[in-house]
Amino acid sequence: SFLGERDMALQLYEQGLSIHEEIHDSVSIANDLNAIGVVHRARGDHARAVELFSRALRMQEVLRNDRGISTGRANLGATLSEQGDPGNALIHFKEALRIAEQLNDQHLVGKDLEEIGSCLEALKDTAAAMEHYSRSLSVREALNDQHGIVNVNNRIADLLLAQGRSDEALALFEKSAALARAAELPWGSANALVGVSKCMLVNGRNTEALVAAREAMSAAKE
């Protein structure tokens with residue numbers, strides 16, 4: 001799945017699901033449904049993803065598996081967000097965060113805070129969005145989670161640019177791009193370089209913007 005071989009990933013997940021159903025391993029069945037849902041979401045089949053995530057969530061709730069419930073809520077939130085429904089996505093992410101905090105799972109806390117910030121930004125509550133991004137950044141820095149740090153820095157920089165603070169945004173995008181290169185994170189690097197290009201265009205630095213955009217394309221292809 002990570003390598004983009006989604007058809008093969010689905011075949012393997014389905015085989016695993018069949019085995020877990022034969023031996024009545026409920027926890028593994030719920031985890032399989034979540035994993036299959038993630039692949040369908042990546043393929044753009046949101047209706048199928050929501051169906052699978054909902055089934056998995058109901059099982060986790062019956063099993064009283066809080067970690068599974070938190071993950072299921074976050075998966076539903078991510079799918080609803082991609083469907084352009086930030087209001088309902090926010091409900092799921094807030095519940096996922098509440099459970100993650102009870103579990104003291106800081107990795108989940110950092111991710112949920114970032115996603116809540118994204119929903120709030122989509123709902124035009126930029127002050128609350130920035131607050132949640134900042135909290136997420138603090139959690140990620142405490143964990144030394146380079147992937148999370150790059151992602152949330154890009155979110156913050158995007159918000160700064162939308163607020164007309166292009167110089168601050170540019171500095172943060174450039175910092176994020178450097179972190180992503182050092183940590184070999186092409187996804188984060190591509191997003192940061194797109195941001196660099198946007199900032200340079202706003203500031204009339206068109207030639208430099210084109211260079212950054214081409215670098216972003218190279219990272220995106222990687």
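Residues numbered from 1 in each chain as written. Predicted model: local features only at pLDDT ≥ 70, side-chain atom pairs only at ≥ 80, totals over all residues. Heavy atoms only, no water.

Caption draft 1: Region of interest: helix H3 (residues 46-63). Helix length check: H3, at 18 residues, gives a terminal C-alpha distance of 25 Å against a target of 26 Å (1.5 Å per residue), a fit within 8%. Looking at H3, one finds that the buried residues are His-46, Ala-49, Leu-52, Phe-53, Ala-56, Leu-57 and Gln-60. The buried residues of H3 occupy one face: seen down the axis, they fall within an arc of 135°. Every exposed residue of H3 that faces more than 90 degrees away from the buried side is listed here: Ala-47, Arg-58 and Val-62. Positive phi appears at Arg-64, one or two residues downstream of H3, with a value of about 55°. (Helix = DSSP H or I, 4+ residues; strand = E, 2+ residues; numbered from the N terminus. Expected span 1.5 Å × (residues − 1). Buried < 20%, exposed > 50% of the residue type's maximum accessible area, 1.4 Å probe, protein only. Arc of directions from axis to C-beta.)

Caption draft 2: Broad picture of the packing of helix H6 (residues 106-122) against helix H8 (residues 146-162). Running from N to C, H6 and H8 point in directions that differ by 20°, and their axes come no closer than 11 Å. In terms of orientation, H6 lies roughly parallel with respect to H8. Every pair of crossing elements has a handedness; the one defined by H6 and H8 is left-handed. Of H8, the residues touching H6 (which contributes Glu-114, Glu-115, Ser-118 and Glu-121) are Asn-151, Val-152, Arg-155 and Leu-159. Looking at the contact of H6 with H8 residue by residue, the classes come out as two nonpolar, two polar and four charged. (Axes fitted to C-alpha atoms, helices over the stretch in contact; angles between N-to-C directions. Parallel < 35°, antiparallel > 145°, perpendicular 65-115°, else oblique. Left-handed = near helix turned anticlockwise from the far one by under 90°. Contact = heavy atoms within 4.5 Å. Nonpolar A, V, L, I, M, F, W, Y, C, P; charged D, E, K, R; others polar.)

Caption draft 3: Molecular detail of the packing of helix H1 (residues 6-22) against helix H2 (residues 26-42). Contact geometry for H1 and H2: axes closest at 9 Å, N-to-C directions at 165°. The angle between H1 and H2 falls in the class roughly antiparallel. For the pair H1 and H2, the crossing hand works out as left-handed. For the pair formed by H1 and H2, the contact residues are Arg-6, Leu-10, Tyr-13, Glu-14, Gly-16, Leu-17, His-20 and Glu-21 on the first element and Ser-28, Ile-29, Asp-32, Leu-33, Ala-35, Ile-36, Val-39, His-40 and Ala-42 on the second. Class assignment for the residues of the contact of H1 with H2 results in nine nonpolar, four polar and four charged.

Any link to function would need more than the numbers given here.
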